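For reference, the chains in residue letters:
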Amino acid sequence: MDKSSDIRQKEVVNVLDGKRLGPIVDMEFDLEAGRITAIIVPGNNKFNIFGKSKEYIIPWEKIKKIGQDVILVEFNEGMDKQ
């Protein structure tokens, strides 16, 4: 397993449409189990009234492959937006 800092440097790509979602901006953890439960990537570049763009929360189960340079996910953009 890679370190979390190594994973954050990889580009996230959606296998459903080939779209690049960007780098990981944050992660959610289950501290009791000691594992990552979700990755968070930037949403579209539209900003809300507070100047922050939407982010997508991608559950760990939706990650299909972690490669040397990219992370492949199966993500439907309507799934979860924060």
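Residues numbered from 1 in each chain as written. Predicted model: local features only at pLDDT ≥ 70, side-chain atom pairs only at ≥ 80, totals over all residues. Heavy atoms only, no water.

Enquirer: So, the overall build of the chain: which residues are in play, and what are the values?
Expert: Within the chain, the regular secondary structure consists of one helix and seven strands. Counting from the amino terminus, the chain carries its helices and strands in the arrangement α-β-β-β-β-β-β-β. A burial count over the chain gives 28% of its 82 residues as buried. Residue pairs at least 24 apart in sequence account for 35% of intrachain contacts in the chain once pairs closer than 6 positions are excluded. (Helix = DSSP H or I, 4+ residues; strand = E, 2+ residues; numbered from the N terminus. Buried < 20%, exposed > 50% of the residue type's maximum accessible area, 1.4 Å probe, protein only. Contact = heavy atoms within 4.5 Å.)

Enquirer: Which residues make up the nonpolar core, and what values do they have?
Expert: Within the largest apolar cluster, 14 residues are counted, with the highest numbers of intra-cluster contacts made by V12, I24, I39, I58 and V73. Listed by contribution, the elements that provide at least two residues to this core are β4 (35-47), β5 (53-59) and β7 (70-73). Per-element tally for this core: the top contributor is β4, with three residues. Beyond its immediate chain neighbours, meaning those up to four positions away, I24 contacts I7, R8, K10, V12, I39, I40, V41 and I71. (Core = buried A, V, L, I, M, F, W, Y, C linked by side-chain atoms within 4.5 Å.)

Enquirer: Describe the sheet that holds strand β1 (residues 11-14), listing the residues and the values that go with them.
Expert: Here we have four strands laid out as an open sheet, ordered β2-β1-β7-β6, and mixed in their pairing. Whereas interior strands pair on both sides, the edge strands pair on one side only; in this sheet they are β2 (20-23) and β6 (63-66). The average undirected angle you get between the axes of adjacent strands in this sheet is 20°. The pairing of β1 with β2 spans three bridges and is classified as antiparallel. Considered in β2, the bridge of V13 is made with R20. (Pairing = 2+ DSSP bridges. Axes fitted to C-alpha atoms, helices over the stretch in contact; angles between N-to-C directions.)

Enquirer: Give me the lowdown on the pairing of β6, citing residues and values where you can.
Expert: With three bridges joining them, β6 and β7 adopt antiparallel strand pairing. What sits directly across from I63, in β7, is V73. Hairpin remark: β6 followed by β7, antiparallel, with three residues in the connecting loop.

Enquirer: Report on the packing of aromatic side chains, specifying residues and quantitative values.
Expert: Pairs of aromatic rings are described using the distance from one ring centre to the other and the angle between the two planes. Applying the stated criterion across every chain, the model contains one aromatic pair. Each ring, one from Y56 and one from F75, has its centre 5.1 Å from the other, and the planes form 65°; the classification is edge-to-face. With Y56 in strand β5 and F75 in the segment after β7, the pair connects residues that are 19 residues apart, well separated along the chain. (Phe/Tyr/Trp six-rings, centres within 6.5 Å; stacked < 30°, edge-to-face > 60°.)

Enquirer: Let's hear about the pattern of salt bridges: which residues, and what values?
Expert: Once the charged atoms of two side chains with opposite charge are near each other, the side chains can pair. Overall, the coordinates contain two salt bridges when judged by the stated rule. D26 is the salt-bridge partner of R8, the closest N and O atoms lying 3.6 Å from each other. Here D26 lies in strand β3 (residues 26-30) and R8 lies in helix α1 (residues 4-8), a separation of 18 residues in the sequence. Of the residues examined, D26 reaches a relative accessible area of 36% and is grouped as partly exposed. One salt bridge in this structure joins R20 and E11, with 3.7 Å as the shortest N-O distance. (Salt bridge = Lys/Arg side-chain N within 4 Å of Asp/Glu carboxyl O.)

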